[in-house]
Amino acid sequence: MKVNLMLFALLSIILLLIYYFEEKRGVEKLREERIKFAFLDPRITLQNIDAISMKNFFLKSGSCEKGIETKKGPLTINDKCFFIKEGGGYAADSAHIQNMLETLSKLKIERYLSEEEIKGLKRTDIFTDEAIIFYFDYLGLRTTYTLGKRLSFDETFYVEIKKSAAAATAAAASVVWAIVKDEAPKSGLYTNEEDIKQESYQNIKTILLKRASDFFDKKIFSKHYLHDQIADFNIQNMEISNKINRTFYIKWNASNEVVTSPEIIKGLKYKTDELLEIKKRLLDLAGEDIYFKDIDVGVDVGGDLVSTIKLDLLKGNKFRRVEMKLYKEMKIKSVKAVSRKGYFLQTNISNNIFELSESDAKIFFLNVQDFWDKRVINFVQLNGGLYSNTISENKVQMIDFEIKFDSGEIIALYHLPNNLNNLNNLNNPNNQNNNPKFNFKKLIKGKQNIRYVPKQKAWEWLWNFLSGNGEYKEAQRVSLLSDTFKQIANDSPGIELKINQLILRINIVADEIIVSNLTEGYRLHYLMPKRFNFNLNFNLATFFYLLTEKN
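Residues numbered from 1 in each chain as written. Predicted model: local features only at pLDDT ≥ 70, side-chain atom pairs only at ≥ 80, totals over all residues. Heavy atoms only, no water.

Engineer: Give me the overall build of the protein: which residues, what numbers.
Structural biologist: Assigned secondary structure in the protein consists of 11 helices and 27 strands. Expressed as a percentage of the 551 residues in the protein, the buried residues total 44%. Partitioning the intrachain contacts of the protein with sequence separation of at least 6 by distance along the chain shows that 62% fall at a separation of at least 24. (Helix = DSSP H or I, 4+ residues; strand = E, 2+ residues; numbered from the N terminus. Buried < 20%, exposed > 50% of the residue type's maximum accessible area, 1.4 Å probe, protein only. Contact = heavy atoms within 4.5 Å.)

Take a look at the structure:
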């Protein structure tokens, strides 16, 4: 019995060992297959690459501690820098190199051509004089790729792959020809079948034909320019001064709470998301192009200084002041002096000039009011009859609403949920399922034998306007309400709204719709739209059908 148990145990161990080694052999074989049919050697990574030779430029890695042969300073990729050996060396952006590697890693070898097939092909028919040749030096190896023609009947294409020691002669290299396919997802935007076949091939050619400048490090706050002295910093203070708006300041504390100068008007609140977003946009800011003053001789900013942003950067006890100046012209002094129009940025942390896009340049023309919430109500929560400018949009609490016309009529709507966009009941007075809470419940002043039935278009406009929907997301500007304007508002046609204890007056003055917040003492200025889908007059007939009781 014991002998049988021992034999059974021994057999089990043998079977387990067989299974383990077979499984291991299968995994190893699968791994070898993946490596064999991978276009890009898996060992070609940012950390392993020593050099990259492209069609139009050459990239070289080096030690960040020792620096590179340029005044630019290195870009840190862990402990390795890359720079473009052109005109003395330009710092390269590792993200662009990584994107290129990821694109090439999606290429897979469908099959290798046999010696018989290669003998039957003329090299010049597949690899022309214009063929794109590029190589990687890594771990003492060099892999050189030559991009051949695309096969006529599908989307695959020929490639020659030559592997050797980095310093070896071509004769010592192993050379194979292969048919390669791009396994990256297709865009799906095709006009014909030929476009489908061409897309992958053209995309790879576009990557391999990039210019050196496509790999430049164009980020304003690159570690390459800060030299890691205050990397991963936080913006504590910001000052914006430009020719359009008055100078203003933003100060953040450790909890990202903010104070602006000029101070926010009482009754308004800050746009906290936008205040955090501006910090992120500044940290991510990059030029569309970059010019190197100490290499590109004769390049300098010119024209008027249109805006300046000053930032105080803080990390622990390290502090640094960064100054960013925006100009609308760049001078190029060559044989004949010329200039370019646009937006050109210079900072005190590098000697470079960054050309900004128009959308990025808008950051430099911000106004302090861009960070104030300038909606009329912004879903104002009116709790217990007391006016509050804070809001919980998820809770349904009731508000009381009155509208007063210059003709004297005052109509009240009591116990309205604070979501003013619910128009289902207000807009259909004949709806049998009408919720009584949404009816105008009380005529405070006016003719008692008239039914006041709300008009849909006018009330849609009013609710959208009050709650900041559609084209009325917020006012263009806000100003304090003076005694003079109170008189103008009272003398101009308008309506007065009372929402619990909040009192608003809406007027059209010149080309603006102006909302006077009589409770808090400020005005919101909206530009008049080009057209309305109804005749906007602040009178009773604009907002109500007037029906006699017998109707």
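That covers the picture; the talk isn't over yet.
Engineer: Could you give an account of the pattern of salt bridges, with specific residues and numbers?
Structural biologist: Summed over all chains, the structure comprises 18 salt bridges. Aspartate 284 is the partner of lysine 280 in a salt bridge, and the nearest nitrogen-oxygen pair spans 2.8 Å. Taken as a pair, lysine 280 and aspartate 284 lie in helix α7 (residues 272-284) at a separation of 4 residues, close to a single helical turn. Lysine 280 sits in the partly exposed class, given a relative accessible area of 47%. Taking the relative accessible area as the measure of exposure, aspartate 284 reaches 44% and is therefore partly exposed. Residues joined by salt bridges that share partners form a network here, namely Asp93, Asp217 and Lys219. (Salt bridge = Lys/Arg side-chain N within 4 Å of Asp/Glu carboxyl O.)

Engineer: Talk me through the packing of aromatic side chains; I want residue IDs and the actual numbers.
Structural biologist: A complete count under the given rule lists 19 aromatic pairs for this structure. A ring pair is formed by phenylalanine 405 and phenylalanine 543, whose centres lie 6.0 Å apart and whose planes are at 50 degrees; its orientation type is tilted. Of this pair, phenylalanine 405 sits in strand β18 (residues 398-405) while phenylalanine 543 sits in helix α11 (residues 540-543), placing them 138 residues apart in sequence. Residue class for phenylalanine 405 comes out buried when judged on its relative accessible area of 2%. On the basis of an interplanar angle of 80 degrees and a centroid distance of 6.2 Å, the ring pair of phenylalanine 405 and phenylalanine 544 is categorised as edge-to-face. Residue phenylalanine 405 is found in strand β18, and its partner phenylalanine 544 is found in strand β27 (residues 544-548); the two are separated by 139 residues along the sequence. Residue classification places phenylalanine 544 among the buried residues on the basis of a relative accessible area of 2%. Its end group placed over the ring of tyrosine 135, arginine 142 keeps NZ or CZ at 3.9 Å from the ring centre. Sitting over the face of the ring of tryptophan 252, lysine 279 holds its NZ or CZ atom 4.6 Å from the ring centroid. (Phe/Tyr/Trp six-rings, centres within 6.5 Å; stacked < 30°, edge-to-face > 60°. Lys NZ or Arg CZ within 6 Å of the ring centre and 35° of its normal.)

Engineer: Quick rundown of the sheet that holds strand β15 (residues 318-332)? Include the residues and the values.
Structural biologist: Here we have 8 strands laid out as an open sheet, ordered β12-β11-β10-β14-β15-β16-β17-β13, and antiparallel in their pairing. Sheet topology places β12 (258-261) and β13 (289-292) at the edges, where each strand pairs with a single neighbour. Going across the sheet, the axis of each strand differs from the next one's by a mean of 25 degrees, ignoring polarity. Bridging between strand β14 (residues 299-315) and β15 involves 14 bridges; their strand directions are antiparallel. From the neighbouring strand, aspartate 300 faces β15, where its bridge partner is lysine 331. Against the sheet, α7 contacts β10 (234-242), β11 (248-252), β12, β14 and β15, and its axis sits at roughly 90 degrees relative to β10. (Pairing = 2+ DSSP bridges. Axes fitted to C-alpha atoms, helices over the stretch in contact; angles between N-to-C directions.)

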